[in-house]
Structures are given as structure tokens and as C-alpha cells.
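# Examination of the molecular architecture
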Amino acid sequence: KRTFFYWTTRDPTNLMLFEQLVDDIYESDQKHVIQLRHFLTSVKQDDRDLGSVLFHHATRSKHKRTNFDILLGKHVHHQVEVGRPDWKKELESVK
């Protein structure tokens, strides 16, 4: 069993409001049953735009290696995704 939490916002400062709570959840989730997904919708993700694709891969790669989120400019446990969630894809992954 797992729990999924999705947070979408246009303003990156909103992600800082519950930063300590989110970090506490990550650290206390020993069984990895909670999945938190954060989406910054003010940044557009367009698979047809090379710059957007490269930015997406760069942010994921940097966070995977160092836990540093380029969008937030700091080390965090969670990865902030850019653009709106692809709800069909997200809900299929929950099954």
C-alpha cells in the first residue's frame, strides 16, 4: 500500500511553505510508502522544444546525483517537476 500526494503551484515560494514538513515526511518514511510529487506549473514543459527537454533532463540528473534542486536553488529530498502533471500518466503509475 502506498500514499500519493500531488502538489501543483505556479509560485516556487509556495513550495517553501511546508519545506520542513515535507523533509520530515521523507526522513520518517522508512518503508517508502509515501510518494510526494511537486509540480511548478509556471514553467512550461514542452516535449517539442529542445531547450525545455534539455532543462528537464538537466534538473533530473542534477537532483539524482546531488539532491540539489535547480529550480529551488537548494538541496532537498524531493524533485520539483516543471509543467502541469500528465494526469493520465500519473494515475496509470498509481495502479
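Keep in mind the model is a prediction, meaning the values are calculated, not measured. (Residues numbered from 1 in each chain as written. Predicted model: local features only at pLDDT ≥ 70, side-chain atom pairs only at ≥ 80, totals over all residues. Heavy atoms only, no water.)

Attention shifts here to the pattern of salt bridges. Summed over all chains, the structure comprises 2 salt bridges. For Arg-37, the salt bridge is made with Glu-90, and the minimal N-O distance between the two is 2.6 Å. One end of the pair, Arg-37, is in strand S2 (residues 34–40); the other, Glu-90, is in helix H3 (residues 87–94), and 53 residues separate them in sequence. Each of the two residues, Arg-37 as well as Glu-90, counts as buried. Where salt bridges share partners, they join Arg-37, Glu-81 and Glu-90 into one cluster. (Salt bridge = Lys/Arg side-chain N within 4 Å of Asp/Glu carboxyl O. Helix = DSSP H or I, 4+ residues; strand = E, 2+ residues; numbered from the N terminus. Buried < 20%, exposed > 50% of the residue type's maximum accessible area, 1.4 Å probe, protein only.)

Attention now goes to the packing of aromatic side chains. To describe a pair of aromatic rings, one takes the distance between the centres and the angle between the planes. Under the criterion given, the structure shown has 3 aromatic pairs. Here Tyr-6 and Trp-87 contribute two aromatic rings whose centre-to-centre distance is 5.2 Å and whose plane-to-plane angle is 65°, an arrangement assigned as edge-to-face. Of this pair, Tyr-6 sits in strand S1 (residues 3–9) while Trp-87 sits in helix H3, placing them 81 residues apart in sequence. Its relative accessible area of 41% is what places Trp-87 among the partly exposed residues. Members of the aromatic cluster, each reached through a chain of ring pairs, are Tyr-6, Phe-39 and Trp-87. (Phe/Tyr/Trp six-rings, centres within 6.5 Å; stacked < 30°, edge-to-face > 60°.)

Let's shift gears to the sheet that holds strand S5 (residues 80–82). Strand order in this open sheet of 3 strands is S1-S2-S5, and the pairing throughout is parallel. Looking along the sheet, the strands with just one partner apiece sit at the ends: S1 and S5. In this sheet, neighbouring strand axes are inclined to one another by 25° on average, regardless of whether the strands run parallel or antiparallel. Looking at chain direction, S2 and S5 are connected through 3 bridges and run parallel. From the neighbouring strand, Phe-39 faces S5, where its bridge partner is Glu-81. Helix-sheet contacts for H3 involve S1 and S2, and the interaxial angle to S1 is about 165°. (Pairing = 2+ DSSP bridges. Axes fitted to C-alpha atoms, helices over the stretch in contact; angles between N-to-C directions. Contact = heavy atoms within 4.5 Å.)

On to unusual backbone geometry. Its identity is not glycine, yet His-32 carries a phi of approximately 55°, on the positive side. Among the structural elements, His-32 can be located in the loop between helix H1 (19–28) and S2.

The next thing to look at is the pairing of S1. Relative to S2, S1 is paired through 7 bridges, and the arrangement is parallel. Looking at the pairing, Tyr-6 lines up with Arg-37 of S2. One crossover worth recording links S1 to the parallel S2 by way of H1, and it is right-handed. (Right-handed = clockwise from strand over helix to strand, strands pointing away.)

We now examine H1. Buried within H1 we find Glu-19, Val-22 and Asp-23. When H1 is viewed along its axis, its buried side chains cluster within an angular range of 100° and face the same direction. Away from the buried face of H1 by more than 90 degrees, exposed residues Gln-20 and Ser-28 are located. (Arc of directions from axis to C-beta.)

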